[in-house]
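Working through the structure, step by step
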Amino acid sequence: MNLTELAPAHIRAIAPYQPGKPISELAREMGLAEADIVKLASNENPLGMSPRAKAALQNEVDGLALYPDGNGFTLKSALAARLSVGPDQIVLGNGSNDVLEMAARAFLMPGLSAVFSQYAFAVYPLAIQAVGATGISVPAKDHGHDLAAMAAAIRADTRMVFIANPNNPTGTLLSGAALHAFLKSVPQSVLVVLDEAYVEFLDAGLQAPSVAWLAEFPNLIVTRTFSKAHGLAGLRVGYALARAEVADLLNRVRQPFNVNSLALAAAAAALEDAEFLAASKRVNDAGMAQLTEGCRALGLDWIPSAGNFLCIKVGDAGGVFQELLRNGVIVRPVASYGMPEYLRVSIGLPEQNARFLAVLARTLGK
Ligand SMILES: *Cc1c(COP(=O)(O)O)cnc(C)c1O
């Protein structure tokens, strides 16, 4: 018997998510020392995490024989106070990936559809497909979301639209005005998931008032994460903000203890460390300038990015990726996104960015 055929067709059709290559794996494969490898592949924080988060982790270790607080009271209270929402409007996730999947499970099923953009974050089609719903990919405009085309793509069976702002892997950013107009144009029977995984890297003036929009749009779900600017990717913690009725539905499909005790404690501490967050943004702004200037000097094009990463057009990206690996530099090919000429590089510390640019220049014979 072919056991594979026991799984529903929509599960068998899933192409697995391709994560960035871990440092330990490259070290094994190439016989390199881990300390000599630079990983700029998964949009992680090159500063690590807030020292306050680290202290909170150490404090939590002795309590790990106990289950975590399944309601995440402390973290939700801290988020509620900071964002001026009710704790009943917050859904905590094992990374924001988890809340994206909860949204799909709560509102989608076979016979229903969800809209997302070409080049948008790969988890959206995966989450849609995993529940047997139909994904509608809308052609991008200048590598970014074409909101008018996305609104026009909404069908009678559409229940959800995913928007990443800024988007990963392209780094494209939509203005608050464009997003607000889009929200006004979408029927309230369609949930709009606004994924703000990189919002902390935006200058204040570029941040959409998305949380305030929850009062105006009952169909809005905003998602955020502690993985990127807060530097807690390995702990897995993110959250969704929505109207209480919507948050309640998401919580029904949530695993009872989906966010572990260490993650809850570290996230609550990280939230209070404005200084670390500001330092992360400064390092990112400087690194972005360093990388774009480096690309200009090499005569390379890039997609202007509002995130902590940059898509650079290098031609044969697969070949360049392999050559970078041989030199101990891990970046991210984005051929699986339909961008075979680009590499996505996460912004690192100045010396890491310099190392990447030097190896890239050598690889391209410049
Ligand atoms: C990294 C990322 C996420 C989620 O990351 P988690 O670690 O699961 O919180 C969500 N959306 C986008 C666009 C991302 O790039």
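Quantities reported herein were computed from a predicted structural model and do not represent experimental measurements.

The helix and strand inventory of the chain stands at 13 helices and 13 strands. Its C-alpha radius of gyration of 21 Å places the chain within 12% of the 21 Å reference for a compact globule of 366 residues. For the chain, the spread of C-alpha atoms along the three principal axes comes to 55 × 55 × 50 Å. Evaluated residue by residue, the chain yields a buried proportion of 52% over its 366 residues. Accessible area of the chain: about 15,800 Å², with a carbon and sulfur share of 55%. Side chains of the chain carry 29 positive and 32 negative charges; the gap between the two charge centres is 2 Å.

Attention shifts here to the domain arrangement of the chain. What the domain assignment reports for the chain is domain 1 (3-48 + 275-364) and domain 2 (51-273). Centre-to-centre, using C-alpha coordinates, domain 1 lies 23 Å away from domain 2. Between domain 1 and domain 2, the residue contacts involve 32 residues of the former and 31 residues of the latter. Across the interface of domain 1 and domain 2, roughly 2,500 Å² is buried in total on both sides, 63% from carbon and sulfur atoms. In this structure, the connection of domain 1 to domain 2 is made through one salt bridge.

Using the criterion set out here, one finds five aromatic pairs in the structure. With a centroid separation of 5.7 Å and 80 degrees between ring planes, the pair formed by Phe-121 and Tyr-124 is classed as edge-to-face. Ring centres of Phe-226 and Tyr-239 lie 5.9 Å apart, and the angle between their planes is 50 degrees; on these two criteria the pair is classed as tilted. Taken together, the residues Phe-226 in the loop between strand E7 (220-225) and strand E8 (238-241) and Tyr-239 in strand E8 connect sequence positions 13 residues apart. Each of the two residues, Phe-226 as well as Tyr-239, counts as buried. Taking NZ or CZ as reference, Arg-344 lies 5.8 Å from the ring centre of Phe-309, over its face.

Let's shift gears to the packing of helix H3 (residues 51-60) against helix H10 (residues 261-271). For the pair H3 and H10, interaxial distance at closest approach is 8 Å and the crossing angle is 145 degrees. Our pair here, H3 against H10, has a crossing hand that is right-handed. For the pair H3 and H10, contact is made by Arg-52, Ala-53, Ala-56, Leu-57 and Glu-60 and by Ser-261, Leu-262, Ala-265, Ala-266, Ala-269 and Ala-270, respectively. A breakdown of the residues in the contact of H3 with H10 according to their chemical character gives eight nonpolar, one polar and two charged.

A few words now on H10. Of all 11 residues that make up H10, 10 are buried, and the element is covered over most of its length. Among the residues making up H10, those that are buried are Ser-261, Ala-263, Leu-264, Ala-265, Ala-266, Ala-267, Ala-268, Ala-269, Ala-270 and Leu-271. Residues of H10 that are buried sit in contact with H3, helix H4 (73-83) and strand E2 (90-93). The residue sitting at the N-terminus of H10 and contributing the capping side-chain oxygen is Asn-260; that oxygen lies 3.0 Å from the backbone nitrogen of Leu-262.

What follows is about the site of the ligand. Taken together, Gly-95, Ser-96, Asn-97, Phe-121, Asn-168, Asp-195, Ala-197, Tyr-198, Thr-225, Ser-227, Lys-228 and Arg-236 make up the full set of residues adjacent to the ligand. A distance of 2.5 Å is found between an oxygen atom of the ligand and a side-chain nitrogen or oxygen belonging to Ser-227. Between the ligand and the protein, one listed contact pairs an oxygen atom with a side-chain N or O atom of Lys-228 at 3.2 Å. For the ligand, whose free accessible area comes to 380 Å², the fraction covered by protein is 93%. In terms of residue class, the shell around the ligand is made up of three nonpolar, six polar and three charged.

Turning to its location among the elements, Ala-266 is positioned in helix H10. By relative accessible area, Ala-266 is classed as buried at 0%. Distance from Ala-266 to Pro-19, taken between C-alpha atoms, is 24 Å for residues 247 residues apart in sequence. Discounting residues that sit within four places of it in the chain, Ala-266 has contacts with Ala-53, Ala-56, Leu-57, Leu-232 and Leu-235.

For the rest of this paragraph, the subject is the sheet that holds strand E12 (residues 332-333). The four strands are arranged E9-E10-E13-E12 in an open sheet whose pairing can be described as antiparallel. The open sheet is flanked by strand E9 (302-303) and E12, the only strands paired with a single partner. Where E12 and strand E13 (residues 342-346) come together, two bridges link them in antiparallel fashion. Looking at the pairing, Arg-332 lines up with Arg-344 of E13. Of the strands in this sheet, E12 and E13 touch helix H12 (residues 317-326), which is tilted by about 40 degrees from E13.

Parameters at a glance
Residues numbered from 1 in each chain as written. Predicted model: local features only at pLDDT ≥ 70, side-chain atom pairs only at ≥ 80, totals over all residues. Heavy atoms only, no water. Helix = DSSP H or I, 4+ residues; strand = E, 2+ residues; numbered from the N terminus. Rg over C-alpha atoms; globule rule 2.2 N^0.38 Å. Buried < 20%, exposed > 50% of the residue type's maximum accessible area, 1.4 Å probe, protein only. Areas by Shrake-Rupley, 256 points an atom, 1.4 Å probe, with all protein chains shown as cover. Lys, Arg positive; Asp, Glu negative; His and termini not counted. Charge placed at Lys NZ, Arg CZ, Asp CG, Glu CD. Domains from an automatic or database assignment. Contact = heavy atoms within 4.5 Å. Buried area = accessible area lost by both parts, 1.4 Å probe. Salt bridge = Lys/Arg side-chain N within 4 Å of Asp/Glu carboxyl O. Phe/Tyr/Trp six-rings, centres within 6.5 Å; stacked < 30°, edge-to-face > 60°. Lys NZ or Arg CZ within 6 Å of the ring centre and 35° of its normal. Axes fitted to C-alpha atoms, helices over the stretch in contact; angles between N-to-C directions. Left-handed = near helix turned anticlockwise from the far one by under 90°. Nonpolar A, V, L, I, M, F, W, Y, C, P; charged D, E, K, R; others polar. Polar contact = N/O pair within 3.5 Å; in protein donor to acceptor, adjacent residues only side chain to side chain. Near = heavy atom within 4 Å. Pairing = 2+ DSSP bridges.

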